[in-house]
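# Structure at a glance
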Amino acid sequence: MLNDSFRFTPHITLEFKIGEKDFFIAGESASRVKKTLQQLGMKQEIIKRTAIIIYEAAMNVAIHANHGTLKVYIDPEVISIITEDKGPGIPDIELAMKEGYSTASHEVREMGFGAGMGLPNIKQCSDELDIDTKVGVGTTLKAKICLNNKV
Ligand SMILES: Nc1ncnc2c1ncn2[C@@H]1O[C@H](COP(=O)(O)OP(=O)(O)OP(=O)(O)O)[C@@H](O)[C@H]1O
Ligand SMILES: [Mg+2]
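This section reports on the structure supplied with the text. Predicted model, so just to flag it, every value in this text is computed and none were measured.

With that out of the way, let us pick up the layout of surface pockets. Considered as a void within the structure, the largest pocket measures approximately 750 Å³ in volume. As for the largest pocket, its lining consists of 36 residues, of which N60, H64, I90, T103 and L119 are closest to the centre. Where the lining of the largest pocket is concerned, the elements lending two or more residues are α3 (44-64), β3 (78-86), α4 (93-96), α6 (118-125) and β5 (138-146). The biggest single contributor to the lining of the largest pocket is α3, with 8 residues. When grouped by side-chain class, the residues that make up the lining of the largest pocket number 20 nonpolar, 13 polar and 3 charged. Considering only enclosed or pocket space, the second largest pocket measures out at about 180 Å³ in volume. Along the walls of the second largest pocket sit 13 residues, with E84, D85, K86, T139 and T140 positioned nearest its centre. Residue assignment for the lining of the second largest pocket shows that the elements contributing at least two residues are β2 (67-74), β3, β4 (128-134) and β5. Of the residues contributing to the lining of the second largest pocket, the split by class is 1 nonpolar, 7 polar and 5 charged.

The structure is reproduced here in structure tokens:
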């Protein structure tokens, strides 16, 4: 348990490195952040949305990019989830946001991923979503969850 002064002024940064085809880090980082939010007494709904965004965004880096980072900033008013990767980028964001659209390989699909639901889920769980991408360079995804009176 965190001490009381910490609990009432939460400014926490959590960082994770994501390697290519690292299929474990998404789940691991989602549960680490979940635990922190539970200790801070956050609402279950907020914890669930945060965990979904982290899982899907980190999974996308592991599956579709070469490598990257995940940063989670917990502030009194907002939770920010940011993934930055070096990779192929997304040529058509509008298309990528569509339910069911996926470029996942056969191998990845056989592992149970590639339903084309990650980005739509992230969008649904976020209060704000910004994706900045450059083909051949990489992608930065920034999602925000507002906490106003929800803590
Ligand atoms: N970080 C990324 N780098 C490059 N391409 C990406 C990245 N994230 C998403 N994409 C592209 O957007 C598509 C849609 O992503 P989305 O997460 O919705 O589905 P998916 O990852 O293919 O499948 P699922 O998430 O359901 O397992 C991907 O198939 C891929 O082409
Ligand atoms: Mg995905």
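The next subject is the packing of helix α2 (residues 25-39) against α3. One way to put it is that α2 packs onto α3 with a least axis distance of 8 Å and a crossing angle of 160 degrees. Here α3 runs roughly antiparallel to α2, going by the angle between their axes. Between α2 and α3 lies a crossing of right-handed hand. In this structure, α2 contributes A26, G27, S29, A30, V33, K34, L37 and Q38 to the contact, and α3 contributes I47, T50, A51, I54, Y55, A58 and M59. Taken together, the residues that form the contact of α2 with α3 break down as 10 nonpolar, 4 polar and 1 charged.

Basis of the calculations
- Along each chain, residues carry numbers from 1 onward, in the same order as the chain's sequence is written.
- To label them, take the chains in the order written and letter them from A, then take the ligands in the order written and number them from 1.
- Given that the model is predicted, a residue must reach a pLDDT of at least 70 before its local features are reported, and side-chain atom pairs must reach 80 or more before they are shown or counted; all residues, however, enter totals for whole chains, interfaces and linings.
- Each side-chain value is derived from all of the structure's non-hydrogen atoms; neither hydrogens nor water enter the calculation.
- Lining residues are those with an atom within 4 Å of a point, where the points come from a 1 Å grid over the protein atoms alone and group into cavities, where a 1.4 Å probe fits but cannot get out, or pockets, open sets with protein on both sides within 12 Å along at least five of seven lines.
- Grid points are joined across faces, edges and corners, and a volume is the space filled by probe spheres set on the points.
- Counting from the N terminus, the helices are the DSSP runs of H or I reaching at least four residues and the strands are the DSSP runs of E reaching at least two.
- Polarity classes work like this: nonpolar for Ala, Val, Leu, Ile, Met, Phe, Trp, Tyr, Cys and Pro, charged for Asp, Glu, Lys and Arg, and polar for all others, with Gly in that last group.
- Simply put, an axis is a line fit to the C-alpha atoms, just over the touching stretch for a helix, and the angle between two N-to-C directions goes from 0 to 180 degrees.
- Here is the rule for angles: anything less than 35 degrees is roughly parallel, anything more than 145 is roughly antiparallel, 65 through 115 is roughly perpendicular, and the remaining ranges are oblique.
- By the definition used in this description, the sense in which the near helix is turned from the far one sets the handedness, with an anticlockwise turn below a right angle giving left-handed and a clockwise turn giving right-handed.
- It only takes one pair of heavy atoms within 4.5 Å for two residues to be counted as in contact.

Geometry only, nothing functional implied.
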